[in-house]
Amino acid sequence: AQSVTQPDIHITVSEGASLELRCNYSYGATPYLFWYVQSPGQGLQLLLKYFSGDTLVQGIKGFEAEFKRSQSSFNLRKPSVHWSDAAEYFCAVGADSGNTPLVFGKGTRLSVIA
Amino acid sequence: NAGVTQTPKFRVLKTGQSMTLLCAQDMNHEYMYWYRQDPGMGLRLIHYSVGEGTTAKGEVPDGYNVSRLKKQNFLLGLESAAPSQTSVYFCASSLSGGVLYNEQFFGPGTRLTVL
């Protein structure tokens with residue numbers, strides 16, 4: 001079965017600084033990888049996903065993520081953080097068999113300071 | 001399109017009471033899911049459904065029942081609520097394609113408190 005770890009529970013960055021949120025997965029075959037964002041009091045929204053092809057994927061709101069099979073990682077990045085990016089971010093992994101639901105990480109809460 | 005909607009948004013129950021949470025989607029999605037979200041625990045899957053009339057257990061199914069009588073609706077029931085079921089509940093849906101790794105669309109959540 002697949003699993004996912006988000007090592008950072010809470011990260012604080014200054015507005016305008018760069019951001020990297022870490023995601024490590026465990027799955028023996030080809031993973032399907034996702035990043036979701038949850039603004040306070042809201043449901044989750046998809047930021048980006050990786051199924052195959054180019055290992056650097058672009059998402060909404062200026063986010064990108066890079067799939068590194070050798071490191072079993074799918075880290076989320078943004079070059080310049082805005083105050084509105086303060087939210088909780090979830091990484092998720094799906095199995096290529098397609099017969100098990102997505103597994104979500106425990107999330108990383110991002111705070112943005114002036 | 002309204003997307004995924006959840007009813008009610010908030011609810012307070014006493015221990016032992018029962019209730020049903022309703023999830024509705026208008027995207028003609030085959031798959032639907034119920035999650036609970038607790039601080040430090042992330043999202044945990046309670047039950048899911050791969051089509052009308054079908055349900056399956058997720059990671060934390062105990063104390064909950066579900067039904068999918070209509071394709072667009074997925075109901076989550078608590079027969080005898082316990083304080084441990086205090087949580088925020090999210091419903092989600094996804095296209096089929098025969099696989100469970102497609103993008104999920106989430107509702108706004110239901111905040112449930114059990115006293």
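## Focus on the interface of chain A and chain B
How big an interface is tends to be stated in terms of accessible area lost as the parts join.
Part 1 of the reasoning: Chain A puts 23 residues into the contact, and the matching count from chain B is 19 residues.
Part 2 of the reasoning: For the pair chain A and chain B, the summed buried surface comes to about 1600 Å²; carbon and sulfur atoms form 61% of the total.
Part 3 of the reasoning: Viewed at the interface, chain B and chain A are joined by 0 salt bridges.
Part 4 of the reasoning: Our count for the chain A to chain B interface comes out at 2 residue pairs in polar contact (both at pLDDT 80 or more).
Part 5 of the reasoning: If you list the elements that add at least two residues to the side of chain A that touches chain B, you get β5 (31–38), β6 (44–50) and β10 (87–95) of chain A.
Part 6 of the reasoning: For the side of chain A that touches chain B, the element with the most residues is β5 of chain A, which contributes 4 residues.
Part 7 of the reasoning: Considered class by class, the residues forming the side of chain A that touches chain B number 11 nonpolar, 9 polar and 3 charged.

## Observations concerning the nonpolar core
Part 1 of the reasoning: Core analysis: the biggest nonpolar cluster contains 26 residues, and L19, W35, L47, L48, F74, L76 and Y89 of chain A have the highest contact counts within it.
Part 2 of the reasoning: Elements represented by at least two residues in this core include exactly β2 (10–14), β3 (19–21), β5, β6, β8 (64–68), β9 (73–78), β10 and β12 (108–113) of chain A.
Part 3 of the reasoning: Considering every element that reaches this core, the biggest residue donor is β10 of chain A, with 4 residues.
Part 4 of the reasoning: In contact with L48 of chain A, not counting residues within four places along its chain, are L33, F34, W35, V57, Q58, G59, F63, E64, A65, F74 and L76 of chain A.
Part 5 of the reasoning: Formed by 21 residues, the second largest nonpolar core is a distinct cluster that contains Y32 of chain A together with Y48, A92 and F106 of chain B.

Cut-offs applied
- Residues numbered from 1 in each chain as written.
- Chains lettered and ligands numbered in written order.
- Predicted model: local features only at pLDDT ≥ 70, side-chain atom pairs only at ≥ 80, totals over all residues.
- Heavy atoms only, no water.
- Contact = heavy atoms within 4.5 Å.
- Buried area = accessible area lost by both parts, 1.4 Å probe.
- Salt bridge = Lys/Arg side-chain N within 4 Å of Asp/Glu carboxyl O.
- Polar contact = N/O pair within 3.5 Å; in protein donor to acceptor, adjacent residues only side chain to side chain.
- Helix = DSSP H or I, 4+ residues; strand = E, 2+ residues; numbered from the N terminus.
- Nonpolar A, V, L, I, M, F, W, Y, C, P; charged D, E, K, R; others polar.
- Core = buried A, V, L, I, M, F, W, Y, C linked by side-chain atoms within 4.5 Å.
- Buried < 20%, exposed > 50% of the residue type's maximum accessible area, 1.4 Å probe, protein only.

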